[in-house]
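# Secondary and tertiary structure notes
Given next are the chains, with one letter for each unit.
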Amino acid sequence: MKLYKEGLKDHALWEEKGYQLPKYNREKVADATKKNPFWIHFGAGNIFRAFHANVVQNLLDAGALERGLIVAEGYDYEIIEKMNHPHDDYSILVTLKADGTMEKSVTGSVVESLALDSENENAFGRLKEIFASDSLQMATFTITEKGYSVTDRHGEVVPDVKKDIENGPEKPCSYMGKVASLLYTRFENGRKPIAFVSTDNCSHNGDKLSTAILTFARGWASNKSVSQEFVEYVSNPKEVSFPWSMIDKITPRPNASVEEVLQNDGVEEVAPIITSKNTYVAPFVNAEECEYLVIEDAFPNGRPALEKGGLIFTDRETVDKVERMKVCTCLNPLHTALAVFGCLLDFQLIADEMKDEDLRQLVEVIGYKEGLPVVTDPKIINPKDFIDTVLKIRIPNPFMPDTPQRIATDTSQKLSIRFGETIKAYEKSEELKTSDLKLIPLVFAGWLRYLLAVDDNGNAFELSPDPMLQSLSPVFSKIQLGETAEIEEIIRPILKDKKIFGVDLYEVGLAEKVCGYFKEMLQGTGAVRETLKKYVWEK
Ligand SMILES: NC(=O)c1ccc[n+]([C@@H]2O[C@H](COP(=O)([O-])OP(=O)(O)OC[C@H]3O[C@@H](n4cnc5c(N)ncnc54)[C@H](O)[C@@H]3O)[C@@H](O)[C@H]2O)c1
Ligand SMILES: O=P(O)(O)OC[C@@H](O)[C@@H](O)[C@H](O)[C@H](O)CO
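Residues numbered from 1 in each chain as written. Chains lettered and ligands numbered in written order. Predicted model: local features only at pLDDT ≥ 70, side-chain atom pairs only at ≥ 80, totals over all residues. Heavy atoms only, no water.

Per an unreviewed UniProt entry, the recorded name for the chain is Mannitol dehydrogenase family protein, and the organism is Ruminococcus hominis.

What follows is the structure in structure tokens.
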């Protein structure tokens, strides 16, 4: 059993082993999609394959759609070369349910995959053709929060973006420059409308994407590479919209236990790889069953009835509330807390951490006691029910191979939104006092302790990738367990950094608490556990 066109011909063999196969005529779907594409996705990573591609697969199966997806990868071309192309764009989705059962399906809804590489004339030419087509309605993105950045921490335009602006839209090399150049192709071919939908986990994700694209449009217009009309086109929501969205589906990296199940079924060549850009990818994805994709309903070129596939379309205000509920309180902060302490306490599975009474108490207090009071009910999903499901069913799901190490990726980029928003809400509140926050500061201190790259047993471990490690690691390499003199002087600039925490921890009166916890965690081996135990149970 091999996952590609020829290998899937023997339907009975796959079905006998419990795999659901596409029920539609894939050749016909591929043909219709290539002629009249309606949806292109940027970022061929795991969430796309587990979520977006599966929604389209279900709609194709149900006869509610006749065309599929095209995917472009602009950062890690190896994903396309090593996964999409050898497998004819098929992938296997393994859904790991909380009752221990699993569903296996072969996803065929992606019918074309392209490197978004302006040096690759064929692929870039084809992308231009797609962007020139009348039928294209939406471009979606899962490229991580850093994928949208065009400026550095000081607000300065980064060098590759600067170069792309100087050189005009012909051959950009930065990610957002390449996307803006494709949008320019659409503009030149009759100023056709489109929705650009970020489905990444970042607050007001649509604004992040529009800021990036507008940086190019304005830059190119000011050096006369494009006309001012292009800026007007990008700025007009009736022509180019940037809806906000909230996405939710826990999709761990492809796991060896799932690989083994597939191998035992007789599926060949399914081993995951880690690309040179550090993407963990395999011909299969493993994910939980629960999923939400809530999108602001702003599609200037129309859209198919994707609500039939479970997507929720609503207004911007509701997306904002639902997104804040998930990203700032009810899921992602709890994940980050478990990630940081999980790495320090040598856990390899998130589900195992939920069996640890101290860690369970940590996330329950952060979620219910510190976070929930500042959540505005989005009405379409009840926050209390949502957090109950997260803490009782989803995160503890023993069949989900999710790891603290995956979730610890890019923590420096996430703390401000995941915890900073709650702190700001306490600052604004007349009833709540910021000084009452106990465990959010404990997570900050845990993250500082994590940056030593030494676990609570005193053993070195590898930090997960993070764009700030280059500047942070040299600071923390000076700190040794058992030495706490001058700690505050060393970490003061970090505690003051609003880019990291969303607030200056000195201004909001939390710096002393964070520093104190951090010093306690530095006392020696076992001090992280002791500090955790001491504060999570304190009344
Ligand atoms: N995995 C989940 O549980 C999950 C759930 C909800 C939302 N998300 C969102 O989706 C994003 C991707 O998650 P994933 O599971 O697909 O991760 P992944 O590691 O499987 O894939 C990451 C994708 O982002 C691209 N990328 C990485 N760094 C980039 C950069 N600097 N510039 C442009 N592109 C870059 C990669 O090439 C790849 O396409 C997350 O960051 C998050 O915002 C993930
Ligand atoms: O994907 P990130 O890096 O923003 O965050 C890691 C996890 O918290 C995240 O992927 C969750 O699994 C996801 O947000 C669940 O919907």
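So much for the structure itself; the text now carries on.
### Some thoughts on the packing of aromatic side chains
As enumerated under the stated definition, the model contains 22 aromatic pairs in all. Measuring from centroid to centroid gives 5.0 Å for tyrosine 184 and phenylalanine 230, while their planes differ by 80°, and the two rings are edge-to-face. One end of the pair, tyrosine 184, is in helix H7 (residues 175-188); the other, phenylalanine 230, is in helix H9 (residues 228-235), and 46 residues separate them in sequence. The pair formed by tyrosine 184 and phenylalanine 230 is uniform in burial state, with each residue classed as buried. Grouping aromatic residues by their ring pairs yields a cluster made of Phe42, Phe131, Phe141, Tyr148, Phe196 and Phe242. (Phe/Tyr/Trp six-rings, centres within 6.5 Å; stacked < 30°, edge-to-face > 60°. Helix = DSSP H or I, 4+ residues; strand = E, 2+ residues; numbered from the N terminus. Buried < 20%, exposed > 50% of the residue type's maximum accessible area, 1.4 Å probe, protein only.)

### Thoughts on the UniProt feature "domain: Mannitol dehydrogenase C-terminal" (unreviewed entry) in the chain
Feature annotation in UniProt places "domain: Mannitol dehydrogenase C-terminal" (unreviewed entry) on residues 319-513, given in this structure's numbering. A helix fraction of 58% and a strand fraction of 0% characterise residues 319-513, whose end C-alpha atoms lie 34 Å from each other. (UniProt positions renumbered as here; feature names shortened; annotations may be inferred.)

### Overview of the UniProt feature "domain: Mannitol dehydrogenase N-terminal" (unreviewed entry) in the chain
Mapped onto this numbering, the UniProt entry annotates "domain: Mannitol dehydrogenase N-terminal" (unreviewed entry) at residues 40-308. Segment residues 40-308 splits into 35% helix and 20% strand. End C-alpha atoms: 19 Å apart.

### Let's talk about the environment of glycine 168
On the secondary structure map, glycine 168 appears in the loop between helix H6 (159-167) and H7. A relative accessible area of 4% means that glycine 168 is categorised as buried. Separated by 56 residues in sequence, glycine 168 and lysine 224 have C-alpha atoms that sit 8.6 Å apart.

### Here we look at H9
All buried positions along H9 are accounted for by Phe230, Val231, Tyr233 and Val234. The arc that holds the buried residues of H9, viewed along the axis, is 160°, so those residues lie on one side. Buried residues belonging to H9 abut H7, helix H8 (205-222) and strand E9 (240-241). (Arc of directions from axis to C-beta. Contact = heavy atoms within 4.5 Å.)

### Some points on the pairing of strand E14 (residues 292-296)
Regular strands place their side chains on alternate faces of the sheet. When you tally the buried positions in E14, you get four out of five residues, the bulk of the element. Of the pairings in the sheet, the one linking strand E10 (residues 245-248) to E14 comprises four bridges and is antiparallel in character. Directly across from aspartate 248, in E14, lies its bridge partner tyrosine 292. (Pairing = 2+ DSSP bridges.)

### A closer look at the domain arrangement of the chain
Per the domain assignment, the segments of the chain are domain 1 (6-314) and domain 2 (316-536). For domain 1 and domain 2, the distance between their C-alpha centroids amounts to 30 Å. Between domain 1 and domain 2, roughly 3,000 Å² of surface is buried when both sides are summed, and carbon and sulfur atoms account for 61% of that area. Among the residues of domain 1 in contact with domain 2, Arg153, Ile250 and Arg253 are the three that bury the most area, contributing 21% of the side total. In this structure, the connection of domain 1 to domain 2 is made through four salt bridges. Here aspartate 248 makes a salt bridge to arginine 394, at a shortest N to O gap of 2.8 Å. For the interface between domain 1 and domain 2, the tally reads nine residue pairs in polar contact (both at pLDDT 80 or more). Listed by contribution, the elements that provide at least two residues to the side of domain 1 that touches domain 2 are E10, strand E13 (284-287), E14 and strand E15 (312-314). In terms of residue class, the side of domain 1 that touches domain 2 is made up of 15 nonpolar, 10 polar and 12 charged. (Domains from an automatic or database assignment. Buried area = accessible area lost by both parts, 1.4 Å probe. Salt bridge = Lys/Arg side-chain N within 4 Å of Asp/Glu carboxyl O. Polar contact = N/O pair within 3.5 Å; in protein donor to acceptor, adjacent residues only side chain to side chain. Nonpolar A, V, L, I, M, F, W, Y, C, P; charged D, E, K, R; others polar.)

### Things to note about the environment of lysine 534
Considering the arrangement of structural elements, one finds lysine 534 in helix H23 (residues 527-536). Note on lysine 534: relative accessible area 44%, which makes it partly exposed.

### A few points about the sheet that holds strand E7 (residues 138-141)
In a beta sheet, neighbouring strands pair by backbone hydrogen bonds and run either parallel or antiparallel. Strand order in the open sheet formed by six strands is E6-E3-E2-E7-E8-E9, with parallel pairing between adjacent strands. In the strand order of this sheet, the two ends are held by strand E6 (110-115) and E9, each with one partner. Relative to strand E8 (residues 194-198), E7 runs parallel, the two being bridged by four bridges. Looking across to E8, one finds that threonine 140 is bridged to valine 197. Packed on one face of the sheet, helix H2 (residues 26-35) meets strand E3 (69-73) and E6 and runs near 50° to E6. Strands in contact with H7 are strand E2 (39-42), E3, E7, E8 and E9; relative to E8, the strand with the most contacts, it is inclined by about 165°. (Axes fitted to C-alpha atoms, helices over the stretch in contact; angles between N-to-C directions.)

### Here we look at empty space enclosed by the protein
Following the criterion strictly, the structure yields two cavities of 30 Å³ or more and no others. Each pocket or cavity is described by its volume, and for the largest cavity that value is around 80 Å³. Lining the largest cavity, in full, are Phe48, Arg49, Val71, Met83, Asn84, Asp89, Tyr90, Ser91, Thr107 and Val110. Within the residue set of the lining of the largest cavity, elements represented by two or more residues are helix H3 (46-61) and helix H4 (77-84). Class assignment for the residues of the lining of the largest cavity results in five nonpolar, three polar and two charged. The computed volume of the second largest cavity comes to approximately 50 Å³. As for the second largest cavity, its lining consists of Ile250, His335, Ile350, Ala351, Arg394, Ile395, Asn397, Met400 and Asp402. In the lining of the second largest cavity, the residues fall into five nonpolar, two polar and two charged. (1 Å grid on protein atoms, 1.4 Å probe; cavity = no way out; pocket = protein on both sides within 12 Å on 5 of 7 lines; lining within 4 Å. Points joined across faces, edges and corners; volume = space filled by probe spheres on them.)

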